[in-house]
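# Structural overview
Next come the chains, spelled out residue by residue.
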Amino acid sequence: VLEAVAALQGRLGQRTAELHVVLGSAPDDVAFSPQPFSKLYQRALYQSMRTLTKQVFGLLRRRIKTLPETIQPDAKEVMDQQPQILDVFERILRKKITALRLRCHGDFHLGQVLNTGKDFVIMDFEGEPARPIGERRIKRSPLRDVAGMLRSFHYADYSALFSLQERGLLSAEDFVSMEAWGQFWHLWVCVVFLRAYLDVAGDSNFLPRMEDELRMLLDLYLMEKAVYELGYELNNRPDWV
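Bear in mind that the values here come from a model prediction, so they are computed numbers and not experimental data.

## Describing the packing of aromatic side chains
Taken as a whole and assessed by the stated rule, the structure comprises seven aromatic pairs. Where phenylalanine 153 meets phenylalanine 193, the ring centres are 5.7 Å apart and the plane angle is 75 degrees; that geometry is what we call edge-to-face. Here the residue phenylalanine 153 occupies a position in helix 6 (residues 143-166), and phenylalanine 193 occupies one in helix 7 (residues 172-201), the gap between them amounting to 40 residues. A relative accessible area of 0% places phenylalanine 193 in the buried class. Consider the rings of phenylalanine 162 and phenylalanine 175, whose centres lie 6.3 Å apart with planes at 10 degrees: the pair is stacked. Of the two residues, phenylalanine 162 sits in helix 6 while phenylalanine 175 sits in helix 7, which places them 13 residues apart along the sequence. Accessibility assignment for this pair places phenylalanine 162 and phenylalanine 175 in one class, buried. Taken together, the ring pairs in this structure connect Tyr155, Tyr158, Phe162, Phe175 and Trp240 into an aromatic cluster. We note arginine 101 situated over the ring of tyrosine 41; from NZ or CZ to the ring centre the distance is 4.0 Å.

## Brief notes about the packing of helix 6 against helix 7
It is the contact of helix 6 with helix 7, at a shortest axis distance of 10 Å, that shows an interaxial angle of 155 degrees. One way to sum up the angle between helix 6 and helix 7 is to call them roughly antiparallel. Note that helix 6 runs across helix 7; the crossing there is right-handed. For the pair formed by helix 6 and helix 7, the contact residues are Val146, Met149, Leu150, Phe153, His154, Ala156, Asp157, Tyr158, Leu161, Phe162 and Gln165 on the first element and Phe175, Met178, Glu179, Gly182, Gln183, Trp185, His186, Val189, Cys190, Phe193, Leu194 and Tyr197 on the second. Its residues placed into classes, the contact of helix 6 with helix 7 shows 16 nonpolar, five polar and two charged.

## Examining the side chain of glutamate 229
Mapped onto the fold, glutamate 229 is located in helix 8 (residues 211-236). Setting aside chain neighbours within four positions, we find glutamate 229 in contact with Arg151 and Tyr155.

## Description of the state of the cysteines
On inspection of all chains with the given rule, the structure shows zero disulfides. Cysteine cysteine 104 remains unbridged, with the sulfur of cysteine 190 as its closest cysteine sulfur at 19 Å. When its relative accessible area of 13% is taken as the criterion, cysteine 190 is described as buried.

## Brief notes about the packing of helix 6 against helix 8
Taken N-terminus to C-terminus, the directions of helix 6 and helix 8 make an angle of 50 degrees; their axes are 9 Å apart at the nearest point. On the basis of the axis angle, helix 6 is oblique to helix 8. As helix 6 runs across helix 8, the sense of the crossing is right-handed. For the pair helix 6 and helix 8, the contacting residues are Leu143, Arg144, Val146, Ala147, Gly148, Leu150, Arg151 and Tyr155 in the first and Leu214, Leu217, Leu218, Tyr221, Leu222, Glu224, Lys225, Ala226, Glu229 and Glu233 in the second.

## Looking at the pattern of salt bridges
One pass over the full model with this rule turns up 13 salt bridges. The salt bridge involving arginine 131 is made with glutamate 128; its shortest N-O contact spans 2.7 Å. Assessed through its relative accessible area of 10%, glutamate 128 is described here as buried. One salt bridge connects arginine 151 with glutamate 229, and the closest N-O pair in it is separated by 2.6 Å. Remark: glutamate 229 occurs in helix 8 and arginine 151 occurs in helix 6; sequence separation between them is 78 residues. Just as arginine 151 is buried, glutamate 229 falls in that class too. In the salt-bridge network here, residues are joined through shared partners; they are Glu128, Arg131, Glu135, Arg144 and Glu224.

Each value, and the rule that gives it
Residues numbered from 1 in each chain as written. Predicted model: local features only at pLDDT ≥ 70, side-chain atom pairs only at ≥ 80, totals over all residues. Heavy atoms only, no water. Phe/Tyr/Trp six-rings, centres within 6.5 Å; stacked < 30°, edge-to-face > 60°. Helix = DSSP H or I, 4+ residues; strand = E, 2+ residues; numbered from the N terminus. Buried < 20%, exposed > 50% of the residue type's maximum accessible area, 1.4 Å probe, protein only. Lys NZ or Arg CZ within 6 Å of the ring centre and 35° of its normal. Axes fitted to C-alpha atoms, helices over the stretch in contact; angles between N-to-C directions. Parallel < 35°, antiparallel > 145°, perpendicular 65-115°, else oblique. Left-handed = near helix turned anticlockwise from the far one by under 90°. Contact = heavy atoms within 4.5 Å. Nonpolar A, V, L, I, M, F, W, Y, C, P; charged D, E, K, R; others polar. Disulfide = S-S within 2.5 Å. Salt bridge = Lys/Arg side-chain N within 4 Å of Asp/Glu carboxyl O.

Take a look at the structure:
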């Protein structure tokens, strides 16, 4: 079973990289030609992430008393980490990014791929529906798509646990041990997906040449996605916070 799952997630990483290669292969098309990171873009990226964080943490501060008592301590701990989260975003200002920006998928997660049994078909290229069209057209690092899929694996893990719990098939005591196994599965599939992605896209100009730069960008987009998800769940599914 593990070998089959690894093969499937590896194929998804491969197809994701191939998607980005194709999206970056039209240098003469203004709408799709890759563009470099600029200091102005890096500043704008930081400001948007900073604004998002302040909005979501303000919402969390206002809603914290409405959350289940069991998770309120975790929520307070997260609020105390706001300076560290902003520091992750601020790193984009400290380093010149050597990679190029592309027109990406823009809303990449497991719900946007169809599993044929042996392969994947990627769909829904409209970007995030809540964002204005002009903002969806902005060229970004493809690592933003990668981060969206890595976060989606985390969602898949917990949605399965919550489903079992809601159906009475998982007790509170068993949830803790199953959560640990879920974290192992999540980490494992992330490694398989990311390794396959980098194997295919590793020489492309939309990826940084230096590992520390790649790690910094991926951390940046993973953190942005997690903060966005916190705001989404506060507004739509408080039980998932």
